[in-house]
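Architecture and fold: a report
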Amino acid sequence: MTDKSDSAANSMWGGRFAAGPDAIMEAINASIGFDQRLYAQDIRGSRAHAAMLAATGIISTSDEKAIGEGLLTVLSEIEGGDFPFSTALEDIHMNVESRLKELIGEPAGRLHTARSRNDQVATDFRLWVRDQCDAAIEGLGALIRAALSQAERGADWVMPGFTHLQTAQPVTWGHHMMAYVEMFGRDLSRFQDARRRMNESPLGAAALAGTSFPIDRHATAAALGFDAPMANSLDAVSDRDFALEFLSASVICAVHLSRLAEELVIWSSAQFRFVTLSDRFSTGSSIMPQKKNPDAAELIRAKIGRILGAAVALFVVMKGLPLAYSKDMQEDKEQVFDAADNLMLALAAMTGMLSDLTANRERLEAAAGAGFSTATDLADWLVRAAGLPFRDAHHVTGALVAMAEAQGVDLPELTLDQMQSVHASITPDVYEVLGVHDSVASRQSYGGTAPDQVRAQIARWKEKLKEKPA
Ligand code: ARG
């Protein structure tokens, strides 16, 4: 980064300044170190603004042509990596405009007519966050597809379902995978919602009050792919709720990613062996040769920390700010950049890990029957076949579980005599509900774990993924 200041006042706004800023002032004030990431959005916004200024007769078409071409040169200079960003010029907006002036001279000075950096930065940042919503929507689509194909492969594979991480009732692998499809599907719709709401243009709000020039905000909004111009200039330059919504959706998505990551860490352990992670998504240990560590899952589990941190930081920055623009809002970008980068990385890593992993069918099935997981099926049978009130059935089943536990056997291994010693009305039919496959097949209620139900949900999701978002 070069320093173009000659200790004189800033050439962009220094009219009333006799002296340049203190070095510390410059250090706290400058955002170019991070907002250079907005260069493409800034140049796109400026080109739309210049075209509108010419179309409305506010600047000449020859000036507009010079500005438009000059901005494209700036764009290619930045993309070529040889752009001399200057801290003295504070931010991306002034860096671009200053370079434009070097390139085309006088017409560059007309670009900022009927505009302020306040509406400019709000526009640039909206465009950037809108792109990130699209990236999140795409990343979630890929992740949902990966979970769906896992679900399809093991739609009827049985595994233990847990509550309190204690064996509860058998479920299917497909059902468990589809639970995440639902969660990630809601995440996806949250990014779609946020995108829809943020898709209005702040450009032309100028500093805060609008402008006396006869601008056409509808034209710039349309040129930038916005649905409409924002209807209140004070609101346009001063709210960052679009960034807060993006962060909020990211936080919830990161929570879901973290929960799945935690399951992968548990499931890949030697004690569980429910899944085997691919070599591509695991690491070794430098001292223990036998180790295969789920580092990607652990890092995804941790990402919620910084993403939630970013959301908290921006919420705190925004609370209590009077209308309209305050420089506090410059603190919005680094948080959103970091959260977006890490969310996209976590989505990609989870997609890769999930696509590559092998669920160990035999191991899942063996674990599914352990821990008296069909005790509820036995109680339900006593209600259905023997006419017991559920509370009594629960009690009888509890006694049978205690008996099996004392003998070190599973429920289906108790003899009929033993069962009848606890309750005389038990018949041989009972054995039909004690197997884990019987158990899951019986859970036909809508959204239940029966393979038919799971397959119906998989089919519904496949259709849904074909639809275009509204
Ligand atoms: N770098 C500033 C930001 O990110 C741009 C807007 C500056 N506006 C101003 N009036 N100083 O918020």
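You'll find the structure just up there.
Report follows, based on the coordinates. (Residues numbered from 1 in each chain as written. Predicted model: local features only at pLDDT ≥ 70, side-chain atom pairs only at ≥ 80, totals over all residues. Heavy atoms only, no water.)

1. Observations concerning the packing of helix α3 (residues 39–55) against helix α5 (residues 92–104)
Test applied: Axes here mean lines fitted to C-alpha atoms, for a helix over just the part in contact, with angles spanning 0 to 180 degrees between N-to-C directions. Runs of H or I in DSSP of at least four residues are treated as helices and runs of E of at least two as strands, each being numbered from the N terminus. Oblique is the label for any angle not under 35 degrees, not over 145, and not in the 65 to 115 range, which are roughly parallel, roughly antiparallel and roughly perpendicular in turn. By definition, turning the near helix anticlockwise from the far helix through less than a right angle yields a left-handed crossing, and turning it clockwise yields a right-handed one. Here, two residues are considered to be in contact whenever any of their heavy atoms come within 4.5 Å of each other. Each residue gets one of three labels, nonpolar for Ala, Val, Leu, Ile, Met, Phe, Trp, Tyr, Cys and Pro, charged for Asp, Glu, Lys and Arg, and polar for the others, Gly among them.
Where α3 contacts α5, the axes come no closer than 10 Å and their chain directions differ by 60 degrees. Put simply, α3 runs oblique to α5. Crossing handedness for the pair α3 and α5: right-handed. Every residue of α5 that contacts α3 at Tyr39, Asp42 and Ile43 is listed here: Ile92, His93 and Val96. By residue class, the composition of the contact of α3 with α5 is four nonpolar, one polar and one charged.

2. Describing a negative patch on the surface
Keep this limit in mind: Exposure above 30% relative accessible area and no salt bridge define the residues that can form patches, which grow by joining like charges within 9 Å and nonpolar side chains of Val, Leu, Ile, Met, Phe, Trp and Tyr within 5 Å. Only the protein chains shown count as cover for residues, and the accessible areas themselves come from Shrake-Rupley with a 1.4 Å probe. Any carboxyl oxygen of Asp or Glu within 4 Å of a side-chain nitrogen of Lys or Arg constitutes a salt bridge here. Under the counting rule used here, the positive set is Lys and Arg, the negative set is Asp and Glu, and His together with the chain ends is not counted. Where a charge sits is defined by one atom per residue type, namely NZ (Lys), CZ (Arg), CG (Asp) or CD (Glu). Summary of the burial criterion: residues with accessible area below 20% of their type's maximum are buried, those above 50% are exposed, and those between are partly exposed, where the area comes from a 1.4 Å probe applied to protein chains only.
There is a patch of like negative charges on the surface, built from Glu200, Asp227, Asp235 and Asp241. Following the sequence through the fold, aspartate 227 ends up in the loop between α8 (217–223) and β4 (228–229). Given the relative accessible area of 59%, aspartate 227 is considered exposed.

3. As for the site of the ligand
For clarity, the cut-off: Residues are counted as near a molecule or strand when any one of their heavy atoms sits within 4 Å of it. Polar contacts, as counted here, are pairs of nitrogen or oxygen atoms within 3.5 Å of one another; within protein the pair requires one atom able to donate a hydrogen and one able to accept it, and residues that are adjacent in sequence qualify only if both atoms are side-chain atoms.
The local shell around the ligand consists of Ser31, Asp35, Asp91, His93, Arg117, Asn118, Val121, Tyr325, Lys327, Gln330 and Lys333. Within the side chain of serine 31, one N or O atom sits 3.2 Å away from a nitrogen atom of the ligand. Measuring from a nitrogen atom of the ligand, one finds a side-chain N or O atom of asparagine 118 at 3.0 Å. The greatest single-element share of the shell around the ligand, amounting to three residues, is contributed by helix α6 (residues 117–153). For the shell around the ligand, the per-class residue count stands at two nonpolar, four polar and five charged.

4. Points about unusual backbone geometry
For the bond from leucine 323 to alanine 324, the omega torsion is 0 degrees, close enough to zero to count as cis. Inspection of the secondary structure puts alanine 324 in the loop between α11 (295–318) and α12 (332–356). At histidine 164, a residue that is not glycine, the phi angle is positive and equals roughly 60 degrees. Along the chain, histidine 164 falls in the loop between β1 (158–163) and β2 (166–172). Taking the relative accessible area as the measure of exposure, histidine 164 reaches 74% and is therefore exposed.

5. Examining helix α14 (residues 375–386)
Put simply, the rule is: A helix is expected to reach a length of 1.5 Å times the quantity of its residues less one.
Between its terminal C-alpha atoms α14 stretches 16 Å, which fits the 16 Å expected from twelve residues at 1.5 Å a residue. Within the span of α14, buried status applies to Ala375, Asp377, Leu378, Ala379, Trp381 and Leu382. On the buried face of α14, the contacting elements are α15 (390–407) and α17 (436–442). Following α14 by one or two positions, glycine 387 has its phi on the positive side, about 70 degrees.

6. Structural notes on the side chain of aspartate 42
Relative to the elements of secondary structure, aspartate 42 occurs in helix α3. Lacking a salt bridge, the buried aspartate 42 has arginine 115 as its closest oppositely charged neighbour, with an N-O distance of 5.9 Å. At a separation of 3.0 Å, a polar atom in the side chain of aspartate 42 contacts the side chain of glutamine 120. Sequence-distant contacts of aspartate 42, that is, excluding residues within four places in its chain, are made with Ile92, His93, Val96, Gln120 and Asp124.

7. Points about the pairing of β1
Operational definition: Strand pairing follows a simple DSSP-based rule, namely that at least 2 bridges must link the two strands.
Two strands pair when backbone bridges link them, and β1 and β2 are joined in this way by six bridges, in the antiparallel orientation. Paired with methionine 159 across the strands is valine 171, a residue of β2. Where β1 hands over to β2, the hairpin turn is made up of two residues, of which histidine 164 adopts a positive phi near 60 degrees.

8. Here we look at the layout of surface pockets
Applied cut-off: Think of a 1 Å grid over the protein atoms and nothing else: a 1.4 Å probe that fits but is trapped marks a cavity, an open set flanked by protein within 12 Å on at least five of seven lines marks a pocket, and residues with an atom within 4 Å of a point count as lining. Grid points are joined across faces, edges and corners, and a volume is the space filled by probe spheres set on the points.
Put simply, the second largest pocket is a space of about 410 Å³. It is helix α7 (residues 173–198) that provides the largest number of residues to the lining of the second largest pocket, a total of seven residues. Here the lining of the second largest pocket is built from residues that sort into six nonpolar, six polar and four charged.

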